[in-house]
Amino acid sequence: QSSITNISKQANTQLAPLAMPHTDITSLTAKTGITIDYDGKPITVKGRLRMRSDEVIQLSVTALGVVEVALIEFTPQGAYIIDRINKRYALLDYSSGLLNSVGVNFSTIQALFWNRIFIPGEKEVWKRLDNFRIVTTENRQLIEPKRQRLLKCHFYTDNEFEQLQQTQLNIQDYEVVWQYGIFNTIDTYVYPSIFDISFSDSSYSISAHITLSGVSVADAQWRGGTNLTNYKKVELEVLLSVLNLFS
C-alpha cells in the first residue's frame, strides 16, 4: 500500500537536503576500485574520483595504482574520454543526439555523483521542489517529478529522507539503476562509499561496482580540468576500441 503526497511546506523541507548542494563542501577526492561486468566477463581496475562542484568530475583508471592511463571527465561543456598514454580524446557533447533529447547535461551527471535528486535538463531544482511528488511505501519513500519526461526518473530514500539510496532512470527499453551504499561522514558531509551502477535493455546488461576509500573534502590543491592542448581529438568509437571498451 502506498500514498502520494504533493510537495507541501513540510515535504519541501524534507526534500531540500536531497536536492541542494552542500554549501561548505565544493570538492571531493577518493581512491576507487572499479569492477565492470559485461556479458559475464568482470574486469577490475583501480583509479581515482575527483570532483569540484559546478566545474568538473573526473573518474580515472590507473595502472599499478600509480600511472593514470585513461579517464572520463565531465564538464559543463560535455563528457571527455581521455587516453593519457596516446594523448588522444573524444568528446561526447550534451547538446547533440540522444543526450540532448532526453535532457542529460552536466547538472544531471553531477547530481548522480553527488547523491542528489534532479529533473533532466533543469538546473537548481532545489528552488522548485514543488515540481516533485512523494510516494510513501511501507519501508521507503519514492520521489519523482510530477511531470515525467522522455527520461523517467525515480529516486528512493528511507523514511527519514536522510540520504538518497537509489536513482532509477528509464527510457523506452533502457534502464539505468544507480545504488548508493555504506554512507560515511567526512568532515560535515555524509557521502556513500559504494556505487552499484547497472545499464540494461531487453538484450544485454553491463554493471559497475565502485568502492571509494580515502575520501577527502579538503583537497584544496586540486583545481580540476585537463589541459588538452597537446591531445588529438578522435571519434569516440576509435578511442574506445583502443581502450578495449568498445566492441
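Residues numbered from 1 in each chain as written. Predicted model: local features only at pLDDT ≥ 70, side-chain atom pairs only at ≥ 80, totals over all residues. Heavy atoms only, no water.

Colleague: Quick one: what's the story with the overall build of the chain, residue by residue and with numbers?
Modeller: Regarding its fold elements, the chain presents 4 helices and 15 strands. A separation of at least 24 residues holds for 47% of the contacts in the chain among residues at least 6 apart in sequence. Total accessible area on the chain is roughly 13,400 Å²; 50% of this is exposed by carbon and sulfur atoms. (Helix = DSSP H or I, 4+ residues; strand = E, 2+ residues; numbered from the N terminus. Contact = heavy atoms within 4.5 Å. Areas by Shrake-Rupley, 256 points an atom, 1.4 Å probe, with all protein chains shown as cover.)

Colleague: Tell me what's going on with the environment of glutamate 235, and back it up with residues and numbers.
Modeller: Considering the arrangement of structural elements, one finds glutamate 235 in the loop between strand E15 (232–233) and helix H4 (236–242). Given a relative accessible area of 58%, glutamate 235 falls into the exposed group. Along the backbone, glutamate 235 and tyrosine 89 are 146 residues apart, and their C-alpha atoms lie at a distance of 8.2 Å. (Buried < 20%, exposed > 50% of the residue type's maximum accessible area, 1.4 Å probe, protein only.)

Colleague: Give a detailed account of the pattern of salt bridges, specifying residues and quantitative values.
Modeller: Per the stated rule, a full pass over the model turns up 6 salt bridges. The partner of glutamate 122 in a salt bridge is arginine 128, and the shortest N-O contact between them spans 3.4 Å. Under the relative-accessibility criterion, arginine 128 is labelled partly exposed at 31%. Glutamate 124 is the partner of lysine 127 in a salt bridge, and the nearest nitrogen-oxygen pair spans 2.9 Å. Beyond isolated ion pairs, a larger network of salt bridges with shared partners links Arg50, Glu68 and Arg84. (Salt bridge = Lys/Arg side-chain N within 4 Å of Asp/Glu carboxyl O.)

Colleague: Before we move on, can you summarise the layout of surface pockets with the specific residues and values?
Modeller: Rolled over the atoms, a probe with the dimensions of a water molecule shows which regions are left empty. Put simply, the second largest pocket is a space of about 520 Å³. Residue lining of the second largest pocket: 26 residues in total, with Asp54, Ser107, Gln110, Glu124 and Trp126 positioned closest to the centre. Among the elements that make up the lining of the second largest pocket, the one with the highest residue count is helix H3 (residues 106–113) (5 residues). Grouping the amino acids of the lining of the second largest pocket by side-chain chemistry returns 15 nonpolar, 6 polar and 5 charged. (1 Å grid on protein atoms, 1.4 Å probe; cavity = no way out; pocket = protein on both sides within 12 Å on 5 of 7 lines; lining within 4 Å. Points joined across faces, edges and corners; volume = space filled by probe spheres on them. Nonpolar A, V, L, I, M, F, W, Y, C, P; charged D, E, K, R; others polar.)

Colleague: Talk me through the packing of aromatic side chains; I want residue IDs and the actual numbers.
Modeller: For the structure shown, the criterion picks out 15 aromatic pairs. Geometrically, the ring pair formed by tyrosine 180 and phenylalanine 195 is edge-to-face, given 5.8 Å between the ring centres and 90° between the ring planes. Taken as a pair, tyrosine 180 in strand E12 (residues 174–186) and phenylalanine 195 in strand E13 (residues 189–200) lie far apart in primary sequence, 15 residues in all. Neither tyrosine 180 nor phenylalanine 195 differs from the other in exposure class; each is buried. Here a set of aromatic residues connected by ring pairs shows up, and it is made of Phe74, Phe113, Trp114, Trp178, Tyr180, Tyr189, Tyr191 and Phe195. (Phe/Tyr/Trp six-rings, centres within 6.5 Å; stacked < 30°, edge-to-face > 60°.)

Colleague: An account of the confidence of the model for the chain is requested, with residue identities and associated values reported.
Modeller: When the pLDDT values of the chain are averaged, the result is 87; 89% of them are 70 or greater. Per-element confidence in the chain ranges from a low mean pLDDT of 60 for strand E1 (residues 3–6) to a high of 96 for strand E11 (residues 164–171). (pLDDT = per-residue confidence, 0-100.)

Colleague: Give a detailed account of unusual backbone geometry, specifying residues and quantitative values.
Modeller: A positive phi is found at aspartate 54, a non-glycine position, where the angle reads about 65°. Along the chain, aspartate 54 falls in the loop between strand E3 (41–52) and strand E4 (56–63). If you check the backbone angles, phenylalanine 161 has positive phi at about 55° while not being a glycine. Relative to the assigned elements, phenylalanine 161 resides in the loop between strand E10 (152–157) and E11.

Colleague: Can you lay out the nonpolar core for me, pointing to particular residues and giving the numbers?
Modeller: Counting residues in hydrophobic clusters, the biggest one holds 48 residues, and the most contacted among them are Leu49, Phe113, Phe132, Tyr191 and Phe195. Once residues within four sequence positions are removed from consideration, phenylalanine 195 is found in contact with Leu49, Phe113, Trp178, Gln179, Tyr180, Ala208, His209, Ile210 and Leu212. (Core = buried A, V, L, I, M, F, W, Y, C linked by side-chain atoms within 4.5 Å.)

Colleague: Go over H3 with me, naming the residues and quoting the values.
Modeller: Spacing of three or four residues puts side chains on the same side of an α-helix, whose turn is 3.6 residues. Of all 8 residues that make up H3, 7 are buried, and the element is covered over most of its length. For H3, the set of buried residues is Phe106, Thr108, Ile109, Gln110, Ala111, Leu112 and Phe113. Where H3 begins, one side-chain oxygen reaches toward the backbone nitrogen of serine 107, 3.1 Å away; that side chain belongs to asparagine 105. Residue asparagine 115 follows H3 closely and has a positive phi angle near 65°. (Polar contact = N/O pair within 3.5 Å; in protein donor to acceptor, adjacent residues only side chain to side chain.)

Colleague: Lay out a nonpolar patch on the surface with the relevant residues and their values.
Modeller: Together, Ile36, Tyr38, Ile43, Tyr204 and Ile206 give the surface a local cluster of nonpolar side chains, amounting to about 410 Å² of exposed area. Residue position: tyrosine 204 is located in the loop between E13 and strand E14 (205–216). (Patch = residues over 30% accessible without salt bridge, like charges linked within 9 Å, V, L, I, M, F, W, Y side chains within 5 Å.)

Colleague: Lay out the pairing of E10 in plain terms, naming residues and giving numbers.
Modeller: Across the 6 residues of E10, 5 count as buried, placing the element largely inside the fold. The sheet contact formed by strand E9 (residues 141–145) and E10 spans 3 bridges and is antiparallel. Its bridge partner lying in E10, glutamine 141 is registered against threonine 157. Linking E9 back to E10 in an antiparallel pair, the connection comprises 6 residues. (Pairing = 2+ DSSP bridges.)

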